[in-house]
Amino acid sequence: MEHVPPPAEELARLDRELAELDARRAQLLTRRTWLLAALRPPAQTAAPGWNPSGWGAPPGAPAQPWGYVPKQPSAPRGAQNVLLTLGGLLLTIAAVAFTLVSWGSMGIGGRSAVLAVVTLGAMAAPAVLLRRGLAATAEALAALALVLTLLDVYAVHAVAAPDTDGLGFTAVASAVLAALWTAYGLALGKLRLPLPAAVVLAQWPLLFWAWAAGAPAPVVGWALLATAVLDGAIALWGKGAGVRVTACVGGSAMGFSALMVGLALSTTASGPLGAVAPGVLLLAAAAAALAGAWRAPKGFARTGGVVAGLAAVAAVGGVPASALPDGWRVLAYLLCGLALTGVVRAGVPRDAARGVLAASGAVVAGALVWALPALAAVLLGPVTLLSDVWAGSPEGFRSALGSTLPWAELAAAPVVLALVAGLLGAAYRWWPAVVRITAPLAAPRTADTGTPGAGAPGAPGAAGAGAPWPGWSGWSGAGAGARKRPASATLRGVTGAGAVALGWGAFLLAGSLLDVPYALAVAGETALVGGLLALAVRGTGGDRGATAVPVTALVAAVAGAVSVGVLALASEGASYAVFGALAALFAGAAVRAGAEVPRAVFAVAAVVWGTVLTGLAGRSLGLAPQETAPLVLVVPALTVLLGARLRRNPVALPVELTGALGALVAVGLAVSDAPFLALVLALCGVLAAGAAVRPERRPVAGYLAAALFVLATWVRLAASEVSFPEAYTLPVTVPALVVGVLRRRRDPEASSWTAYGPGLTATLLPSMAVAWTDTDWLRPLLLGVAALVITLLGARYRLQALLLLGGAVLALDGLHELAPYVVQVAGALPRWLPPALAGLLLLVVGATYEQRLRDARRLRDVLGRMR
């Protein structure tokens, strides 16, 4: 046998092993630090030889003993940069102070001499320093020279040209400084600051010139666009990463500003002619972005394609949109956005074309988002009818919605949804053709060239390739040997699902915008639900991802059913017609559905609509809510019978659970009237007992039936104001206990909860409830004695039900009797004593935590072994 040490010995052993592991880890980390130091180029290379440490030293590394940790050398470059930065900053502050404060005390000659000497010296010194290898010092002086040139410009304007226009002077000065620093940076190629500074200065000449000239907004937009184009050229062909990054940032800011100017002018144009000029500006921006995307790397190319596509849509769509009413302008932009899909055959580079397609998708998504408020109003608007059920049929569909949306400005919403739904449906129908057309954009890259190819090693179309290309989610090619990937089928399913959802929304919006009569709206929405159910039942089957279409149809059918059901509550006749039709439609769909999950959903929905019908019947009969409750139980009774018929069919459990929720609704309706509540609880107990006849439902339904019967009894006794419930409960408890004894004799392994639990509960719990409100001493005493006897019997015969029930009742009874004295004692104690006792208790529990935990586990095991 394997020896298992005591816990204390095992814990000590684990602690020793962990300490040894920590020591070994520290030793290895020390060795790793020495190796890293040895691999760095040493200041003085030692002669190669034997390593006294014993192992691992590279050739030429200084031999050090094991465990030696070399001192980390200081970072002279970092200290030097800090010193140079501080020095340059101090010189810059001094120059600014001199220019602003001491300038006026000098004559014109002194001023010129000081500026000329200091500026020329600061610009000439970096050349000398670079020849001597002091690059950091040269960078610091170049930064100082940059600040000095800016101060020179300020001084010249303040003294030599104070009357000139500030914006015009700034435009000229920034252009001159940009050219100067470009030449300076090219002359001293090792300096990193001048060229990015020149790029920053080049952002302002055209913009300040347009402002100085009082140019209109289109001219300002062209100035911004020209600056962005210059930045793009620098970003593509500039020298150094700093120059390119600066140009990218500046071009993005200037290009975005130009696009905003053009878009604002296009959307506020008074007519098509007024939208032409900003349209040209936006088209030029689109052409510039596409030209940049043509040559840019992958990520930048896609971004450029997106910008180009959006700018083109704003340019072309703005012209017809300016001539259309407000409710139809979005349609012009949507058509232009859909036209961008022609880029697939335009010969545009793949990454740029993907960006343009992303822009097309963004335009379509924006149009759909614009139509969402109207669709939400149609679906959720009928909720307002719940406050006044059967108030009368409204005149039109819109009046039933109770929405204040500007419907005239949403006139194009159903057209937008229908257009996109039609295109998605066509793509779903002719998916192979769509994939064949878009194959050039989705072609995989070869491993070495990064260009499309089907025969490259490892490519999906290569001979012998048995798995898709990593990250590839399309087709392997466009020829006869093309093979559809699982992701392509998923994408097709998503496309079909979008067509179903948008088509459904288009039909709903069309009825609201046309303001059809109320009866026609209700009938149309009900028929639409039927069509969606047919599509959900029929499905599409076949390839992977096709399940998205029936799932979307199912979700839309349920949402539409809820919406039309609430809409029908305005009229009594419409309510019966709609909910009856919905119950029939969903029941038929449950019968015809092939998959288990849709069938269960359809069956559950049919049960819900049937439950609503029973509630409507009670309202038609003029019954009060508590009087309607027994009528509502008709559907749960039918679900119990249907469950018995279905047996182990997967649909049976959801249907029965839905029926149970209907029974819970009936209990909620009857809760205000105790006699009716007792009746409803008893009827629910009968239904649970009927379900418990089946072996698969007996473990849950049996206990539930007993609990419901007991609860119904208690409620009935409370409603009758019975002050001595034992007269009614003991005649039930005694036979129940006798039956339990006989059951235990015949089956000693039977649980005590099954044998004695119902009988004991029937008396103990009502008596406990009455005892807590009884001011006399006799009932609590007798109840305590009975609970004590039951507890002792449970402990003697190891019966869990008797021990726990008797102990719980005994504890509650004792607490009830001791509560007044505990309150008095607590009131007499000092305020600080209860927290102190609580803290002391926590300390004791914490100090003996392991022992208490073992005691709790031992108690759990003892209880678990009881019957």
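Predicted, not measured: the structure shown is a model, and the values here were computed from it.

(A) Structural view of the overall build of the protein. Looking only at helices and strands, one finds 33 helices and zero strands in the protein. Expressed as a percentage of the 867 residues in the protein, the buried residues total 38%. Put simply, of all contacts in the protein between residues at least 6 apart along the chain, 67% involve residues at least 24 apart.

(B) Looking closely at the nonpolar core. If you look at the biggest cluster of nonpolar residues, it comprises 72 residues, and the most contacted ones within it are Leu-334, Leu-582, Phe-586, Phe-602 and Trp-609. Discounting residues that sit within four places of it in the chain, Phe-586 has contacts with Val-529, Leu-533, Ala-557, Val-558, Ala-561, Phe-602, Ala-605, Ala-606 and Trp-609. If you look at the next biggest cluster of nonpolar residues, it comprises 22 residues, including Ala-629, Val-680, Ala-701 and Ala-712.

(C) Up close: helix α20 (residues 548-568). Look at α20: 30 Å from first C-alpha to last across 21 residues, which is about the 30 Å you get at 1.5 Å a residue. Of all 21 residues in α20, 15 are buried, a share of seventy percent or more.

(D) The arrangement of the packing of aromatic side chains in detail. Scanning the entire structure with this criterion turns up seven aromatic pairs. Centroid distance Phe-208 to Trp-211: 5.8 Å. Interplanar angle 75 degrees. Geometry classified as edge-to-face. With Phe-208 and Trp-211 both in helix α7 (residues 205-212) and three residues apart, this pair spans about one turn of that helix. Given the relative accessible area of 44%, Trp-211 is considered partly exposed. Measuring from ring centre to ring centre gives 6.1 Å for Phe-579 and Trp-609, while their planes differ by 50 degrees; the resulting arrangement is tilted. On the criterion of sequence distance, the pair formed by Phe-579 in helix α21 (residues 572-592) and Trp-609 in helix α22 (residues 596-620) is long-range, its members being 30 residues apart. Each of the two residues, Phe-579 as well as Trp-609, counts as buried. Through a chain of ring-to-ring contacts, the aromatic side chains of Phe-579, Phe-586, Phe-602 and Trp-609 assemble into a single cluster.

(E) Spotlight on the packing of helix α6 (residues 194-201) against helix α9 (residues 241-267). Where α6 meets α9, the closest approach of the two axes is 8 Å, and the angle between their N-to-C directions is 15 degrees. One finds that α6 runs roughly parallel with respect to α9. Here α6 and α9 pass one another in a crossing that is right-handed. Counting all contacts with α6, which are made through Leu-195, Pro-196, Val-199 and Val-200, the residues of α9 involved are Gly-242, Val-243, Thr-246 and Ala-247. When the residues that make up the contact of α6 with α9 are grouped by side-chain class, the tally is six nonpolar, two polar and no charged.

(F) Representation of the confidence of the model for the protein within the structure. Taken as a whole, the protein shows an average pLDDT of 80; of its residues, 84% reach a score of 70 or greater. Within the model, pLDDT remains below 50 along residues 43-77, and this stretch shows 38 contacts once partners closer than five positions in the same chain are excluded. Under a pLDDT of 50 for its full length, residues 540-545 has, in the predicted model, 13 contacts with residues more than four places off or in other chains.

(G) Focus on unusual backbone geometry. With a phi angle near 60 degrees, Trp-390 is a residue other than glycine that sits in the positive phi range. Within the secondary structure, Trp-390 is located in the loop between α13 (350-380) and α14 (397-401). One non-glycine residue, Arg-798, lies in positive phi territory at about 55 degrees. Residue position: Arg-798 is located in the loop between α30 (778-797) and α31 (800-828).

(H) Spotlight on the environment of Leu-186. With respect to the helices, strands and loops of the structure, Leu-186 is situated in helix α5 (residues 166-187). When the C-alpha atoms of Leu-186 and Lys-239 are compared, they prove to be 9.2 Å apart, with 53 residues separating the residues in sequence.

(I) Helix α25 (residues 652-670), seen in detail. If you check α25, its first and last C-alpha atoms are 27 Å apart, about what 19 residues at 1.5 Å a residue would give, namely 27 Å. Among the residues of α25, those classed as buried are Ala-652, Val-655, Glu-656, Thr-658, Gly-659, Gly-662, Ala-663, Ala-666, Val-667 and Ala-670. Against the buried residues of α25 lie α22, α23 (625-632), α24 (634-646) and α26 (674-692).

(J) Examining a nonpolar patch on the surface more closely. A surface patch of nonpolar side chains, amounting to about 810 Å² of accessible area, comprises Trp-777, Leu-778, Leu-781, Leu-782, Val-785, Val-789, Leu-793 and Tyr-797. Within the secondary structure layout, Leu-781 lies in helix α30.

(K) Representation of the environment of Phe-602 within the structure. Among the secondary structure elements, Phe-602 is positioned in helix α22. Through-space distance from the C-alpha of Phe-602 to that of Phe-586 is 5.1 Å; in sequence the pair is 16 residues apart. Once residues within four sequence positions are removed from consideration, Phe-602 is found in contact with Leu-533, Ala-536, Val-537, Leu-554, Phe-586, Ala-589, Ala-590 and Ala-593.

(L) Up close: the environment of Lys-190. Tracing the backbone shows Lys-190 in the loop between α5 and α6. C-alpha of Lys-190 to C-alpha of Pro-126: the two residues are 64 residues apart in sequence and 9.8 Å apart in space. Every residue in contact with Lys-190, bar those within four places of it in the chain, is listed here: Leu-130 and Glu-139.

The rules behind these values
For every chain, the first residue of its written sequence is number 1, and the numbers climb from 1 along that sequence. Whole-chain, interface and lining totals are the exception, using all residues; otherwise, since this is a predicted model, local features are given only for residues with pLDDT of at least 70 and side-chain atom pairs are given and counted only at 80 or more. Hydrogens are left out, water is left out, and the side-chain values use all remaining heavy atoms of the structure. Helical segments are the DSSP runs of H or I of at least four residues, strand segments are the runs of E of at least two, and each set is numbered from the N terminus. Here the term buried applies to any residue with accessible area under 20% of the maximum for its type, exposed to any over 50%, and partly exposed to those in between, with areas from a 1.4 Å probe on protein chains only. Contacts are residue-level and defined by heavy atoms, with any inter-residue pair within 4.5 Å sufficient. To qualify as a nonpolar core, a set must consist of buried Ala, Val, Leu, Ile, Met, Phe, Trp, Tyr and Cys residues joined through side-chain atoms within 4.5 Å. A helix is expected to span 1.5 Å multiplied by its residue count minus one. Only the six-membered ring of Trp is used, alongside the rings of Phe and Tyr, when aromatic pairs are assigned; centres must lie within 6.5 Å, and planes under 30 degrees apart are stacked while those over 60 apart are edge-to-face, with the rest tilted. Lines fitted to C-alpha atoms define the axes, with helix axes restricted to the stretch in contact, and inter-axis angles between N-to-C directions lie between 0 and 180 degrees. Geometric relationships in this document are graded by angle, where less than 35 degrees denotes roughly parallel, more than 145 denotes roughly antiparallel, 65 to 115 denotes roughly perpendicular, and other angles denote oblique. Crossing chirality is assigned from the near helix's rotation relative to the far helix, an anticlockwise turn below a right angle marking it left-handed and a clockwise turn marking it right-handed. Throughout, the ten residues Ala, Val, Leu, Ile, Met, Phe, Trp, Tyr, Cys and Pro are labelled nonpolar, Asp, Glu, Lys and Arg are labelled charged, and all others, Gly among them, are labelled polar. For every residue, the predictor assigns a confidence score, pLDDT, that lies between 0 and 100. Like charges within 9 Å and nonpolar side chains (Val, Leu, Ile, Met, Phe, Trp, Tyr) within 5 Å are joined into patches, using only residues over 30% in relative accessible area that form no salt bridge. Per-residue and other accessible areas follow the Shrake-Rupley method at a 1.4 Å probe size, with only the shown protein chains counted as cover for residues. Here, a salt bridge means any side-chain nitrogen of Lys or Arg that lies within 4 Å of a carboxyl oxygen of Asp or Glu.

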